There are 2 protein chains.
Amino acid sequence: MEKEITIYDIAKDLGVSPTTVSRALNNHPAVKEKTKMRIFEAALKMGYQSNVFAANLRSKKTHNIGVIVPRLNSSFQSSVIAGMEKVATDAGFNLIISQSLESYDKEIANVHTMFNSRVDGLLVSLAANTEKIDHFKPFMKKGTPVLFFDRIAECEDCTGVTIDNIQAAYKATNHLIEQGCKKIVHVLGNIKINVYADRLKGYKYALLDKGLAFEDALVIYSDLNEEAGEAIVKKIMALKPLPDGLFVSNDACAASCIRHLKLEGIKIPEDIAVVGFNNDVISRLIEPNITTVNYPGFEMGEVAMKNLINHLEGQTIGILTNTNKITLRSELIIRDSSKRKKEQ
Amino acid sequence: MEKEITIYDIAKDLGVSPTTVSRALNNHPAVKEKTKMRIFEAALKMGYQSNVFAANLRSKKTHNIGVIVPRLNSSFQSSVIAGMEKVATDAGFNLIISQSLESYDKEIANVHTMFNSRVDGLLVSLAANTEKIDHFKPFMKKGTPVLFFDRIAECEDCTGVTIDNIQAAYKATNHLIEQGCKKIVHVLGNIKINVYADRLKGYKYALLDKGLAFEDALVIYSDLNEEAGEAIVKKIMALKPLPDGLFVSNDACAASCIRHLKLEGIKIPEDIAVVGFNNDVISRLIEPNITTVNYPGFEMGEVAMKNLINHLEGQTIGILTNTNKITLRSELIIRDSSKRKKEQ
């Protein structure tokens, strides 16, 4: 094996001080970006490798942050992770990522792996059938911060980053009522997940406030994927009289519903006005464009990661210990799929 | 601090042998799934944490695999990562993920971080403006395997996992010609990226084989995002006579083009037949459904990770050293956006 390259070799080669090299390699803000890049390139070229094992053993820190999501191939979750990665990389942390595939058992196994990898902190969006969160207790016992995002746990001593799903669904439903809808179908996912449970509440509250009756028959449970539209539309077409509003908890599924409603000869928004959720690309490409709730995935990732890192670096001591929930802004974006009245 | 829990404590608690506990915690195939789960749960409940630092220092292995992609919030890349995660987790490896944001400089910084984190192997899809791959040399020098996927490097001593982009584009263009198209526009991304350079070749070869002239004016460069359709359609509408075929290197952008062509009163596929690329969800939701190339992201992730892990575990010694390219199957899926002839 060749002799290991040290920071002194790099400093000598570039004619800078070893301190500058050390700072650059640790991504210290005092070193200019340009100098950092020169040092990075020289370090790579010369084959320098910092001794992370020894350093970790000393500091008991890995600079790794674990992320567990239900599914990696979800357009919402991949935006969240992109936001997290940006913040983590800038702060000198790595992201270790795994997916629970919506399974409680796999989530337990993932948490176990993360714990053994000694991640400095954990960011989690829960699996659909996770009801207890005892599997996170070893982290809490050890003082390693766990932060939930989007699909959060209802518990006294943990922190969650989320949007106000009740309010968002309230606004969506209320908008349909203002467009003249009197019989509104709501399509949602597994209500064990806080996200869907809250949206159902928002839908109910909006009906209540406008004096419309809530009917169980108008609530359709679905796995909300792109194929689900056909089955949902079949159920809608069986309702007599036909509903005049449709609020779907996800844009891909809303697009699929619109497609199958059109195949049945239903005009959107004249016969049925439609609202989706997420502000996915698809909501802007389908005809008509879908009214939707802008759900800021990238920003959610940034906020969750910033809070975790601030906590780890002691910049905001206690913020996670004392904060139960961080709520991000969301907004209703009105487009053609629900615009029945000319004047908005 | 409390006394550390050992595998002997867990073994005693569950009435199994310490060997079984050790094997289960290392995800050894000889232990039944059910027993593994029981041991995992007990380990978590008791707060057991394996001493990875010490173990890593001994074995010089981290069981971490680095992944660098251009963008995490891409539907193709998130499918690839989902496939990688599945294989890695099953084999007891963690995924450390970062994104280059299409920047060569950020890619160098990412590679530097991965090298210092002493990942056991690296999987990379290159940034748009990466031309040299010298920054990977320290890995190669050290014998740490680097495997490229999708956007691969042209080099003698590295391995890439990809589809045959020339052939896929050839089939797509040929299909349009068989539907009667005589003037076909091709929309693609930065041709510094092998993926687009190869598709341009496939498009040219198909024209050549059918005796159609290649015209520079019919090749439109774009960043292929969902907003790009408007500008592309403006260019198409300026061509006299109007083209009768359109082959777009990405489904979201093809959908955006279809939307803007329809706004111009163009009928799809009667006036212009359209083919996309990727088989994204959107290709199945837009009207008409888009003919596209099925680009198996999830499978690409699985194959890349399996090859890397087999190499690491010495099961297929030399496979990466001797393999230059692993080509996955892709297929043209014909849908309504290009079907001009009744009989297929």
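The rules we used
Residues numbered from 1 in each chain as written. Chains lettered and ligands numbered in written order. Predicted model: local features only at pLDDT ≥ 70, side-chain atom pairs only at ≥ 80, totals over all residues. Heavy atoms only, no water. Phe/Tyr/Trp six-rings, centres within 6.5 Å; stacked < 30°, edge-to-face > 60°. Helix = DSSP H or I, 4+ residues; strand = E, 2+ residues; numbered from the N terminus. Buried < 20%, exposed > 50% of the residue type's maximum accessible area, 1.4 Å probe, protein only. Lys NZ or Arg CZ within 6 Å of the ring centre and 35° of its normal. Salt bridge = Lys/Arg side-chain N within 4 Å of Asp/Glu carboxyl O. Polar contact = N/O pair within 3.5 Å; in protein donor to acceptor, adjacent residues only side chain to side chain. Expected span 1.5 Å × (residues − 1). Domains from an automatic or database assignment. Contact = heavy atoms within 4.5 Å. Buried area = accessible area lost by both parts, 1.4 Å probe. Nonpolar A, V, L, I, M, F, W, Y, C, P; charged D, E, K, R; others polar. Pairing = 2+ DSSP bridges. Axes fitted to C-alpha atoms, helices over the stretch in contact; angles between N-to-C directions.

(A) Representation of the packing of aromatic side chains. Evaluation of the coordinates by the stated rule reveals 12 aromatic pairs over all chains. Note on F115 of chain A and F139 of chain A: the rings are 5.1 Å apart at their centroids and 75 degrees apart in plane angle, and the pair reads as edge-to-face. Taken together, the residues span a long stretch of sequence, with F115 of chain A in helix α6 (residues 104–116) and F139 of chain A in helix α7 (residues 137–142) at a distance of 24 residues. Overall, the relative accessible area of 4% leaves F115 of chain A in the buried class. We classify F139 of chain A as buried; its relative accessible area is 1%. Taken together through their ring pairs, the aromatic side chains of F76, F247, F277 and Y295 of chain A make up a single cluster. It is K204 of chain B that lies over the ring of F214 of chain B; its NZ or CZ is 4.7 Å from the centre.

(B) The arrangement of the pattern of salt bridges in detail. With the rule as written, the count across this model stands at 19 salt bridges over all chains. Here D134 of chain A and K137 of chain A are joined by a salt bridge, their closest N and O atoms 3.4 Å apart. Put simply, D336 of chain B and K339 of chain B hold a salt bridge, and the shortest N to O gap is 4.0 Å. Among the residues examined, D336 of chain B registers a relative accessible area of 43% and is labelled partly exposed.

(C) Structural view of the side chain of T62 of chain A. All names here are of chain A. Within the fold, T62 resides in the loop between α4 (52–59) and β1 (64–69). A relative accessible area of 9% means that T62 is categorised as buried. Within the structure, T62 has its side chain in polar contact with the backbone oxygen of R118 (distance 3.0 Å).

(D) Local environment of α6 of chain A. All names here are of chain A. With 13 residues, α6 extends 19 Å between its outermost C-alpha atoms, agreeing within 8% with the 18 Å of an ideal straight helix rising 1.5 Å per residue. With respect to burial, α6 is a largely interior element, 10 of its 13 residues being buried. By the burial criterion, the buried members of α6 are K106, E107, I108, A109, N110, V111, H112, M114, F115 and N116. One side-chain oxygen at the N-terminal end of α6 lies 3.3 Å from the backbone nitrogen of D105; it belongs to S103. Of the residues one or two after α6, R118 is the one with positive phi, at around 55 degrees.

(E) The arrangement of the domain arrangement of chain A in detail. Residue and element names in this part refer to chain A. As far as domains go, chain A holds domain 1 (7–50), domain 2 (62–163 + 297–328) and domain 3 (165–295). Here the C-alpha centroids of domain 2 and domain 3 sit 30 Å apart. Listed by partner, the interface residues are 11 residues for domain 2 and 10 residues for domain 3. Both faces combined, the contact of domain 2 with domain 3 buries some 1,000 Å², and carbon together with sulfur accounts for 51% of it. Counting across the interface, domain 2 meets domain 3 through one salt bridge. For the salt bridge of E131 with K192, the shortest nitrogen-to-oxygen distance reads 3.3 Å. Inspection of the region where domain 2 meets domain 3 yields seven residue pairs in polar contact (both at pLDDT 80 or more). Those elements giving two or more residues to the side of domain 2 that touches domain 3 turn out to be α5 (75–90), β5 (159–163) and α13 (297–312). Among the residues making up the side of domain 2 that touches domain 3, the classes are represented as five nonpolar, three polar and three charged.

(F) Representation of the sheet that holds strand β8 (residues 245–248) of chain A. Residue and element names in this part refer to chain A. With respect to topology, four strands assemble into an open sheet ordered β7-β6-β8-β9, the strand pairing being parallel. Every other strand in the sheet has two partners, leaving β7 (219–221) and β9 (273–275) as the edge strands with one partner each. Within the sheet, the average angular offset between the axes of one strand and its neighbour, ignoring direction, is 15 degrees. Bridge count for strand β6 (residues 184–188) against β8 is four bridges, and the pairing is parallel. Of the residues in β8, the one forming a bridge with V185 is L246. Relative to the sheet, helix α11 (residues 251–263) contacts β8 and β9, its axis offset from that of β8 by approximately 150 degrees.

(G) Broad picture of the pairing of strand β4 (residues 146–149) of chain B. All names here are of chain B. Side-chain alternation along β4 places V146 and F148 on one buried face and L147 and F149 on a second face that is also buried. Strand direction decides the pairing type here: strand β3 (residues 121–124) and β4, joined by three bridges, are parallel. The partner of V124 across the bridge, within β4, is F148.

(H) Representation of the interface of chain A and chain B. Facing 67 residues of chain A, the contacting portion of chain B comprises 66 residues. Each partner contributes to the roughly 6,100 Å² buried at the junction of chain A and chain B, and carbon and sulfur atoms together form 60% of this total. A salt bridge links R284 of chain B to E226 of chain A, with the nearest nitrogen and oxygen atoms 2.4 Å apart. Along the contact surface separating chain A from chain B lie 10 residue pairs in polar contact (both at pLDDT 80 or more). Only α3 (33–46), α4, α5, β2 (94–99), α6, α7, α11 and α12 (281–285) of chain A provide two or more residues apiece to the side of chain A that touches chain B. When residues of the side of chain A that touches chain B are assigned to their parent elements, the largest contribution, 10 residues, is made by α6 of chain A. The residue inventory of the side of chain A that touches chain B, partitioned by class, reads 28 nonpolar, 22 polar and 17 charged.

(I) Broad picture of unusual backbone geometry. All names here are of chain A. Of note, the bond from E287 into P288 is cis; its omega dihedral lies within 30 degrees of zero at -5 degrees. With respect to the secondary-structure elements, P288 resides in the loop between α12 and β10 (292–294). Positive phi, normally seen in glycine, also occurs at H63, with a value near 60 degrees. Within the secondary structure layout, H63 lies in the loop between α4 and β1. Since its relative accessible area comes to 36%, H63 is described here as partly exposed. Not every positive phi belongs to a glycine, and L224 is a case in point at roughly 60 degrees. For L224, a relative accessible area of 5% corresponds to the buried category.

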